[in-house]
Amino acid sequence: MRSVKLYRYQLPMDTGVILRTQRLVTREGWVVELRDGDAIGRGEIAPLPEFSHETLEQAGEQAQAWLANWQATGEQDFGELYPSVAFGLSMALMELAGELPVEGNYQVAPLCSGDPDDLVVRLNAMSGDKIAKIKVGMYEAVRDGIVANMFIEAIPEVKLRLDANRQWTPTKAHQFAKYVKPEHRSGIAFLEEPCTTPEESLAFAQETGINIAWDETVRDEGFEVKAEPGVAAIVIKPTLVGSVARCIELVEQAHAQGLTAIISSSMESSLGLNQLARFAKWQTADVIPGLDTMQLFKAQLEQAWPECELPVMPLSEQEVVWQQ
Ligand SMILES: O=C(O)CCC(=O)c1ccccc1C(=O)O
Ligand SMILES: [Mg+2]
(Lines give C-alpha, C1' and ligand atoms only; values in the text may rest on other atoms or scores of the structure.)
(Ligands and ions follow the chains in the order given, each with its own letter.)
Protein backbone atom coordinates (compact mmCIF):
# COMPACT_ATOMS: atom_id res chain seq x y z
CA MET A 1 0.00 0.00 0.00
CA ARG A 2 1.57 3.26 -1.14
CA SER A 3 0.74 6.50 0.63
CA VAL A 4 1.93 10.06 0.26
CA LYS A 5 2.14 13.21 2.37
CA LEU A 6 3.21 16.56 1.02
CA TYR A 7 4.36 19.20 3.51
CA ARG A 8 5.08 22.83 2.91
CA TYR A 9 7.83 24.13 5.15
CA GLN A 10 9.04 27.57 6.10
CA LEU A 11 12.26 28.24 7.98
CA PRO A 12 13.62 31.60 9.13
CA MET A 13 16.97 32.61 7.66
CA ASP A 14 19.78 34.44 9.35
CA THR A 15 19.65 38.15 8.66
CA GLY A 16 21.53 39.33 5.64
CA VAL A 17 21.33 36.28 3.38
CA ILE A 18 21.37 37.74 -0.12
CA LEU A 19 20.68 35.72 -3.26
CA ARG A 20 21.91 37.71 -6.22
CA THR A 21 19.54 40.70 -6.00
CA GLN A 22 17.16 39.74 -3.20
CA ARG A 23 17.28 39.18 0.52
CA LEU A 24 16.11 35.72 1.58
CA VAL A 25 14.18 36.14 4.84
CA THR A 26 12.40 32.78 4.83
CA ARG A 27 13.44 29.55 3.12
CA GLU A 28 10.41 27.76 1.75
CA GLY A 29 9.97 24.38 0.16
CA TRP A 30 8.06 21.12 0.03
CA VAL A 31 8.89 17.86 1.73
CA VAL A 32 7.44 14.71 0.28
CA GLU A 33 7.00 11.69 2.51
CA LEU A 34 6.36 8.36 0.85
CA ARG A 35 5.31 5.16 2.59
CA ASP A 36 5.12 1.67 1.25
CA GLY A 37 4.36 -0.92 3.90
CA ASP A 38 6.83 -0.17 6.73
CA ALA A 39 9.29 1.67 4.53
CA ILE A 40 9.45 5.45 4.51
CA GLY A 41 11.26 7.82 2.19
CA ARG A 42 11.51 11.59 2.25
CA GLY A 43 12.70 14.13 -0.23
CA GLU A 44 12.97 17.89 -0.27
CA ILE A 45 11.76 20.01 -3.17
CA ALA A 46 12.98 23.55 -2.63
CA PRO A 47 13.48 25.73 -5.71
CA LEU A 48 16.03 28.40 -4.87
CA PRO A 49 14.88 31.95 -5.69
CA GLU A 50 17.12 33.62 -8.31
CA PHE A 51 18.69 30.26 -9.24
CA SER A 52 15.84 27.86 -10.04
CA HIS A 53 13.70 28.62 -13.06
CA GLU A 54 10.59 27.10 -11.46
CA THR A 55 8.68 28.81 -8.66
CA LEU A 56 7.70 27.19 -5.38
CA GLU A 57 4.07 27.01 -6.54
CA GLN A 58 4.93 25.45 -9.90
CA ALA A 59 7.12 22.85 -8.21
CA GLY A 60 4.40 22.01 -5.68
CA GLU A 61 1.73 21.56 -8.34
CA GLN A 62 3.96 19.40 -10.48
CA ALA A 63 5.03 17.28 -7.50
CA GLN A 64 1.45 16.71 -6.42
CA ALA A 65 0.34 15.59 -9.89
CA TRP A 66 3.34 13.25 -10.18
CA LEU A 67 2.70 11.79 -6.73
CA ALA A 68 -0.98 11.14 -7.45
CA ASN A 69 0.07 9.15 -10.50
CA TRP A 70 2.82 7.32 -8.59
CA GLN A 71 0.39 6.36 -5.88
CA ALA A 72 -2.12 5.04 -8.39
CA THR A 73 0.28 3.28 -10.77
CA GLY A 74 3.76 3.08 -9.22
CA GLU A 75 5.22 4.77 -12.31
CA GLN A 76 8.62 6.46 -11.83
CA ASP A 77 9.58 8.66 -14.73
CA PHE A 78 11.44 11.90 -13.95
CA GLY A 79 12.05 12.92 -17.54
CA GLU A 80 9.98 16.07 -17.91
CA LEU A 81 10.10 17.38 -14.37
CA TYR A 82 11.61 20.60 -13.03
CA PRO A 83 15.07 19.93 -11.53
CA SER A 84 14.00 20.57 -7.93
CA VAL A 85 11.00 18.24 -8.32
CA ALA A 86 13.00 15.50 -10.05
CA PHE A 87 15.63 15.69 -7.32
CA GLY A 88 13.21 15.62 -4.33
CA LEU A 89 11.01 12.85 -5.73
CA SER A 90 13.91 10.63 -6.83
CA MET A 91 15.60 11.08 -3.45
CA ALA A 92 12.40 10.10 -1.63
CA LEU A 93 12.06 6.98 -3.78
CA MET A 94 15.69 6.02 -3.20
CA GLU A 95 15.28 6.33 0.52
CA LEU A 96 12.02 4.38 0.36
CA ALA A 97 13.80 1.58 -1.50
CA GLY A 98 16.65 1.58 1.04
CA GLU A 99 19.11 2.54 -1.70
CA LEU A 100 20.55 5.68 -0.14
CA PRO A 101 23.41 4.63 2.16
CA VAL A 102 23.05 5.90 5.72
CA GLU A 103 26.62 7.06 6.24
CA GLY A 104 27.22 10.68 5.29
CA ASN A 105 30.18 12.97 4.68
CA TYR A 106 29.59 15.79 7.13
CA GLN A 107 33.01 17.40 6.72
CA VAL A 108 32.58 20.81 5.25
CA ALA A 109 34.78 23.30 3.52
CA PRO A 110 34.23 26.26 5.85
CA LEU A 111 32.66 29.12 3.98
CA CYS A 112 34.20 32.52 4.56
CA SER A 113 31.86 35.35 3.88
CA GLY A 114 33.01 37.79 6.53
CA ASP A 115 36.21 38.30 8.47
CA PRO A 116 39.23 36.45 6.97
CA ASP A 117 40.83 36.22 10.43
CA ASP A 118 37.94 34.02 11.64
CA LEU A 119 38.66 31.61 8.83
CA VAL A 120 42.36 31.40 9.69
CA VAL A 121 41.32 30.33 13.22
CA ARG A 122 38.87 27.73 11.89
CA LEU A 123 41.42 26.35 9.45
CA ASN A 124 44.14 26.07 12.05
CA ALA A 125 41.71 23.99 14.13
CA MET A 126 40.92 21.63 11.22
CA SER A 127 42.54 18.21 11.09
CA GLY A 128 43.31 16.59 7.75
CA ASP A 129 42.95 18.54 4.56
CA LYS A 130 42.60 22.25 5.09
CA ILE A 131 40.06 23.28 2.53
CA ALA A 132 38.10 26.50 2.70
CA LYS A 133 35.68 28.25 0.43
CA ILE A 134 35.74 31.98 -0.15
CA LYS A 135 33.28 34.00 -2.17
CA VAL A 136 35.06 36.48 -4.37
CA GLY A 137 33.86 38.90 -7.02
CA MET A 138 31.68 40.93 -4.69
CA TYR A 139 34.09 43.77 -3.96
CA GLU A 140 37.35 44.83 -5.56
CA ALA A 141 39.13 42.09 -7.51
CA VAL A 142 42.43 43.42 -6.14
CA ARG A 143 41.18 42.96 -2.57
CA ASP A 144 40.14 39.38 -3.37
CA GLY A 145 43.61 38.68 -4.71
CA ILE A 146 45.27 40.11 -1.61
CA VAL A 147 42.97 38.06 0.67
CA ALA A 148 43.62 34.81 -1.22
CA ASN A 149 47.36 35.43 -1.19
CA MET A 150 47.25 36.21 2.55
CA PHE A 151 45.50 32.89 3.33
CA ILE A 152 48.00 30.86 1.39
CA GLU A 153 50.91 32.66 3.05
CA ALA A 154 49.35 32.22 6.53
CA ILE A 155 48.49 28.53 6.03
CA PRO A 156 50.86 27.02 3.45
CA GLU A 157 49.01 23.67 3.22
CA VAL A 158 45.64 25.33 2.56
CA LYS A 159 43.68 24.48 -0.57
CA LEU A 160 41.25 27.27 -1.33
CA ARG A 161 38.06 26.93 -3.25
CA LEU A 162 37.13 30.34 -4.55
CA ASP A 163 33.83 31.21 -6.15
CA ALA A 164 33.38 34.27 -8.37
CA ASN A 165 29.92 33.37 -9.70
CA ARG A 166 30.76 34.79 -13.14
CA GLN A 167 31.28 38.27 -11.74
CA TRP A 168 34.51 39.28 -13.45
CA THR A 169 35.43 40.66 -16.83
CA PRO A 170 38.72 39.19 -18.08
CA THR A 171 40.45 42.42 -16.97
CA LYS A 172 39.14 42.13 -13.42
CA ALA A 173 40.00 38.43 -13.28
CA HIS A 174 43.57 39.29 -14.23
CA GLN A 175 43.68 42.03 -11.58
CA PHE A 176 42.82 39.31 -9.07
CA ALA A 177 45.46 36.92 -10.40
CA LYS A 178 48.13 39.60 -10.33
CA TYR A 179 47.95 39.73 -6.54
CA VAL A 180 48.25 35.97 -6.06
CA LYS A 181 51.96 35.25 -6.33
CA PRO A 182 52.72 32.64 -9.00
CA GLU A 183 54.19 30.28 -6.38
CA HIS A 184 50.92 30.54 -4.40
CA ARG A 185 48.61 29.66 -7.25
CA SER A 186 48.71 25.94 -6.43
CA GLY A 187 47.15 26.87 -3.06
CA ILE A 188 43.98 27.47 -5.01
CA ALA A 189 42.28 24.10 -5.54
CA PHE A 190 40.04 25.87 -8.00
CA LEU A 191 38.24 29.11 -8.72
CA GLU A 192 34.59 28.62 -9.68
CA GLU A 193 33.38 30.50 -12.74
CA PRO A 194 35.71 33.53 -12.72
CA CYS A 195 34.28 35.25 -15.82
CA THR A 196 30.98 36.02 -17.46
CA THR A 197 31.41 33.37 -20.15
CA PRO A 198 32.92 29.87 -20.01
CA GLU A 199 35.28 30.78 -22.87
CA GLU A 200 36.71 33.72 -20.91
CA SER A 201 37.05 31.54 -17.81
CA LEU A 202 38.93 28.86 -19.75
CA ALA A 203 41.30 31.43 -21.25
CA PHE A 204 41.89 32.87 -17.77
CA ALA A 205 42.80 29.43 -16.36
CA GLN A 206 45.22 28.76 -19.19
CA GLU A 207 46.84 32.18 -18.98
CA THR A 208 47.27 32.25 -15.19
CA GLY A 209 47.74 28.62 -14.20
CA ILE A 210 44.85 28.97 -11.73
CA ASN A 211 42.54 25.97 -12.02
CA ILE A 212 38.86 26.64 -12.46
CA ALA A 213 35.64 24.72 -11.76
CA TRP A 214 32.27 24.79 -13.47
CA ASP A 215 29.14 25.48 -11.46
CA GLU A 216 26.65 27.66 -13.40
CA THR A 217 28.03 26.18 -16.63
CA VAL A 218 26.98 22.67 -15.53
CA ARG A 219 23.38 23.88 -15.78
CA ASP A 220 23.77 25.56 -19.17
CA GLU A 221 21.91 24.06 -22.12
CA GLY A 222 24.08 21.53 -23.94
CA PHE A 223 26.76 21.23 -21.22
CA GLU A 224 29.04 18.22 -21.58
CA VAL A 225 31.57 17.08 -19.01
CA LYS A 226 34.94 17.48 -20.66
CA ALA A 227 38.54 17.47 -19.45
CA GLU A 228 40.21 20.66 -20.65
CA PRO A 229 43.48 22.29 -19.61
CA GLY A 230 42.86 24.38 -16.49
CA VAL A 231 39.57 22.73 -15.50
CA ALA A 232 39.80 20.85 -12.20
CA ALA A 233 36.24 20.17 -11.07
CA ILE A 234 32.53 20.40 -11.60
CA VAL A 235 30.12 21.49 -8.89
CA ILE A 236 26.83 19.62 -8.77
CA LYS A 237 23.89 21.24 -6.99
CA PRO A 238 21.25 18.52 -7.19
CA THR A 239 18.27 20.82 -6.53
CA LEU A 240 19.28 22.83 -9.59
CA VAL A 241 20.40 19.86 -11.71
CA GLY A 242 17.69 17.21 -11.45
CA SER A 243 17.15 13.57 -10.52
CA VAL A 244 19.55 11.50 -8.45
CA ALA A 245 20.23 9.42 -11.58
CA ARG A 246 21.20 12.56 -13.54
CA CYS A 247 23.51 13.67 -10.71
CA ILE A 248 25.17 10.23 -10.61
CA GLU A 249 25.63 10.37 -14.38
CA LEU A 250 27.45 13.72 -14.04
CA VAL A 251 29.64 12.37 -11.21
CA GLU A 252 30.57 9.32 -13.29
CA GLN A 253 31.35 11.42 -16.36
CA ALA A 254 33.52 13.74 -14.26
CA HIS A 255 35.46 10.82 -12.79
CA ALA A 256 35.90 9.22 -16.20
CA GLN A 257 37.45 12.49 -17.41
CA GLY A 258 39.73 12.81 -14.37
CA LEU A 259 37.78 15.73 -12.91
CA THR A 260 36.71 16.17 -9.31
CA ALA A 261 32.95 16.21 -8.69
CA ILE A 262 31.74 18.31 -5.76
CA ILE A 263 28.24 17.82 -4.38
CA SER A 264 27.03 21.15 -3.17
CA SER A 265 24.06 22.72 -1.46
CA SER A 266 21.36 24.96 -2.88
CA MET A 267 20.44 26.02 0.66
CA GLU A 268 18.27 23.04 1.42
CA SER A 269 16.96 22.66 4.97
CA SER A 270 18.85 20.35 7.34
CA LEU A 271 16.61 17.52 6.10
CA GLY A 272 17.74 17.87 2.49
CA LEU A 273 21.30 18.75 3.53
CA ASN A 274 21.65 15.50 5.51
CA GLN A 275 20.58 13.55 2.43
CA LEU A 276 23.12 15.46 0.34
CA ALA A 277 25.83 14.49 2.84
CA ARG A 278 24.81 10.84 2.43
CA PHE A 279 24.73 11.18 -1.33
CA ALA A 280 28.17 12.86 -1.30
CA LYS A 281 29.71 10.11 0.84
CA TRP A 282 28.29 7.48 -1.48
CA GLN A 283 29.16 9.03 -4.84
CA THR A 284 32.19 11.25 -4.12
CA ALA A 285 33.75 9.43 -1.18
CA ASP A 286 37.06 11.25 -0.75
CA VAL A 287 35.96 14.75 -1.64
CA ILE A 288 34.75 17.33 0.83
CA PRO A 289 31.32 18.46 -0.36
CA GLY A 290 30.15 22.10 -0.46
CA LEU A 291 27.55 21.86 2.26
CA ASP A 292 28.48 24.58 4.77
CA THR A 293 25.14 26.39 4.51
CA MET A 294 23.39 25.62 7.82
CA GLN A 295 24.95 28.78 9.24
CA LEU A 296 22.70 30.78 6.91
CA PHE A 297 19.57 29.52 8.71
CA LYS A 298 17.94 30.33 12.03
CA ALA A 299 16.31 26.90 12.42
CA GLN A 300 16.63 23.30 11.24
CA LEU A 301 13.97 20.92 9.97
CA GLU A 302 13.19 17.52 11.55
CA GLN A 303 16.79 16.31 11.77
CA ALA A 304 19.77 18.16 13.14
CA TRP A 305 22.89 18.73 11.10
CA PRO A 306 25.90 17.43 13.09
CA GLU A 307 27.14 19.91 15.68
CA CYS A 308 24.61 22.53 14.63
CA GLU A 309 22.93 24.04 17.67
CA LEU A 310 20.05 25.76 15.90
CA PRO A 311 16.55 24.78 17.09
CA VAL A 312 15.03 21.84 15.22
CA MET A 313 11.46 22.34 13.99
CA PRO A 314 9.67 19.00 13.61
CA LEU A 315 8.09 18.23 10.27
CA SER A 316 4.84 17.45 12.14
CA GLU A 317 4.55 21.17 12.90
CA GLN A 318 4.71 22.11 9.24
CA GLU A 319 1.60 22.38 7.10
CA VAL A 320 0.43 19.17 5.39
CA VAL A 321 -0.95 20.43 2.09
CA TRP A 322 -1.98 17.10 0.63
CA GLN A 323 -2.13 13.46 1.62
CA GLN A 324 -3.48 10.38 0.06
O1 LIG B 1 28.98 25.44 -3.05
C2 LIG B 1 29.15 25.62 -1.80
O3 LIG B 1 30.19 25.34 -1.23
C4 LIG B 1 28.07 26.21 -0.97
C5 LIG B 1 26.84 26.60 -1.73
C6 LIG B 1 26.97 27.84 -2.55
O7 LIG B 1 28.01 28.42 -2.63
C8 LIG B 1 25.77 28.31 -3.23
C9 LIG B 1 24.54 27.98 -2.67
C10 LIG B 1 23.37 28.37 -3.26
C11 LIG B 1 23.41 29.11 -4.42
C12 LIG B 1 24.63 29.45 -5.00
C13 LIG B 1 25.80 29.05 -4.42
C14 LIG B 1 27.08 29.41 -5.12
O15 LIG B 1 27.80 28.51 -5.56
O16 LIG B 1 27.36 30.59 -5.27
MG1 LIG C 1 29.22 28.63 -7.24
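Remember, predicted model here, so these are calculated numbers, not experimental data.

Further remarks concern the overall build of the protein chain. Of regular secondary structure, the protein chain possesses nine helices and 15 strands. Since a compact globule built from 324 residues should have a radius of gyration of about 20 Å, the 20 Å found for the protein chain is in line with a globular shape. By principal-axis analysis of the C-alpha atoms, the protein chain measures approximately 65 × 40 × 35 Å. Among the 324 residues that make up the protein chain, the fraction classed as buried is 54%. Contacts in the protein chain between residues far apart in sequence, at least 24 positions, make up 66% of those at least 6 positions apart.

Looking now at the sheet that holds strand β9 (residues 188-192). Sheet strands line up and pair through hydrogen bonds in the backbone, either parallel or antiparallel. Strand order in the open sheet made by the seven strands is β6-β7-β8-β9-β10-β11-β12, with parallel pairing throughout. Unpaired on one side and paired on the other, β6 (111-112) and β12 (260-263) mark the two borders of the sheet. The strands touched by helix α4 (residues 141-154) within the sheet are β7 (131-135), β8 (159-163) and β9, with β8 carrying the most contacts at an inclination of about 165 degrees. Where helix α6 (residues 198-208) meets the sheet, its contacts fall on β9, β10 (212-214) and β11 (231-236), and the angle it forms with β10 comes to roughly 155 degrees.

Along the chain, M126 falls in the loop between α3 (116-125) and β7. For M126, a relative accessible area of 19% puts it in the buried group. Expressed as a C-alpha distance, the spacing of M126 and L240, which sit 114 residues apart in the sequence, is 30 Å. In this structure M126 touches V108, P110 and I131, once residues within four positions along its chain are discounted.

Under the feature "domain: Mandelate racemase/muconate lactonizing enzyme C-terminal" (unreviewed entry), the UniProt entry names residues 116-211. Annotated as 46% helix and 16% strand, the span residues 116-211 places its first and last C-alpha atoms 22 Å apart.

Relative to the elements of secondary structure, E307 occurs in the loop between β13 (300-301) and β14 (312-313). Here the alpha-carbon distance between E307 and Y106, two residues 201 residues apart in the chain, equals 9.8 Å.

The local shell around ligand 1 holds 13 residues, among which K133, K135, D163, K237 and S264 are the closest. D215 is positioned such that a nitrogen or oxygen atom in its side chain is 3.1 Å from an oxygen atom of ligand 1. A distance of 2.6 Å is found between an oxygen atom of ligand 1 and a side-chain nitrogen or oxygen belonging to S264. Residues belonging to the shell around ligand 1 are distributed by class as follows: two nonpolar, five polar and six charged.

Bringing the coordination of the magnesium ion (ligand 2) into the picture now. Summarising the metal site, the magnesium ion (ligand 2) is bound by the protein donors D163 (OD), E192 (OE) and D215 (OD), whose distances to it range over 2.1 to 2.3 Å. Within one chain, the residues serving as donors to the magnesium ion (ligand 2) are arranged as D-x28-E-x22-D. In this pair, E192 is assigned in strand β9 and D215 in the loop between β10 and β11, connecting sequence segments 23 residues apart. The class for E192 is buried, based on a relative accessible area of 2%.

The sites that UniProt annotates as "active site" (unreviewed entry) are K135 and K237. Structurally, the position occupied by K135 is in strand β7. Excluding its chain neighbours within four sequence positions, the residues that come into contact with K135 are L111, C112, D163 and N165. Owing to a relative accessible area of 11%, K237 belongs among the buried residues under this scheme.

With that out of the way, let us pick up the pairing of strand β5 (residues 39-45). When you tally the buried positions in β5, you get five out of seven residues, the bulk of the element. Here strand β4 (residues 26-36) runs beside β5; their pairing, made up of seven bridges, is antiparallel. Counterpart to E33 in the pairing with β5 is R42.

Proximity of charged atoms lets side chains of opposite charge pair with each other. Summed over the entire model, instances satisfying the criterion amount to 17 salt bridges. Here R166 and E193 are joined by a salt bridge, their closest N and O atoms 3.0 Å apart. Here E193 lies in the loop between β9 and α6 and R166 lies in the loop between β8 and α5 (170-178), a separation of 27 residues in the sequence. Among the salt bridges present, the one from R166 reaches D220, with a minimum N-O distance of 2.9 Å. Linking R166 in the loop between β8 and α5 with D220 in the loop between β10 and β11, this pair joins segments that are 54 residues apart in sequence. With relative accessibility at 22%, the residue R166 sits in the partly exposed group.

With that out of the way, let us pick up the domain arrangement of the protein chain. For the protein chain, the assigned domains read domain 1 (2-100 + 309-323) and domain 2 (111-295). Distance from the C-alpha centre of domain 1 to the C-alpha centre of domain 2: 27 Å. Where domain 1 abuts domain 2, roughly 2000 Å² becomes buried across the two surfaces, and 67% of that area is made up of carbon and sulfur atoms. Of all residues in domain 1, the largest losses of buried area upon contact with domain 2 belong to E44, F87 and L100, amounting jointly to 29% of the total for that side. Counting across the interface, domain 1 meets domain 2 through one salt bridge.

Criteria and thresholds
Residues numbered from 1 in each chain as written. Chains lettered and ligands numbered in written order. Predicted model: local features only at pLDDT ≥ 70, side-chain atom pairs only at ≥ 80, totals over all residues. Heavy atoms only, no water. Helix = DSSP H or I, 4+ residues; strand = E, 2+ residues; numbered from the N terminus. Rg over C-alpha atoms; globule rule 2.2 N^0.38 Å. Buried < 20%, exposed > 50% of the residue type's maximum accessible area, 1.4 Å probe, protein only. Contact = heavy atoms within 4.5 Å. Pairing = 2+ DSSP bridges. Axes fitted to C-alpha atoms, helices over the stretch in contact; angles between N-to-C directions. UniProt positions renumbered as here; feature names shortened; annotations may be inferred. Near = heavy atom within 4 Å. Polar contact = N/O pair within 3.5 Å; in protein donor to acceptor, adjacent residues only side chain to side chain. Nonpolar A, V, L, I, M, F, W, Y, C, P; charged D, E, K, R; others polar. Donors = N, O, S within 2.8 Å, 3.2 Å for Na, K, Ca; no water. Salt bridge = Lys/Arg side-chain N within 4 Å of Asp/Glu carboxyl O. Domains from an automatic or database assignment. Buried area = accessible area lost by both parts, 1.4 Å probe.

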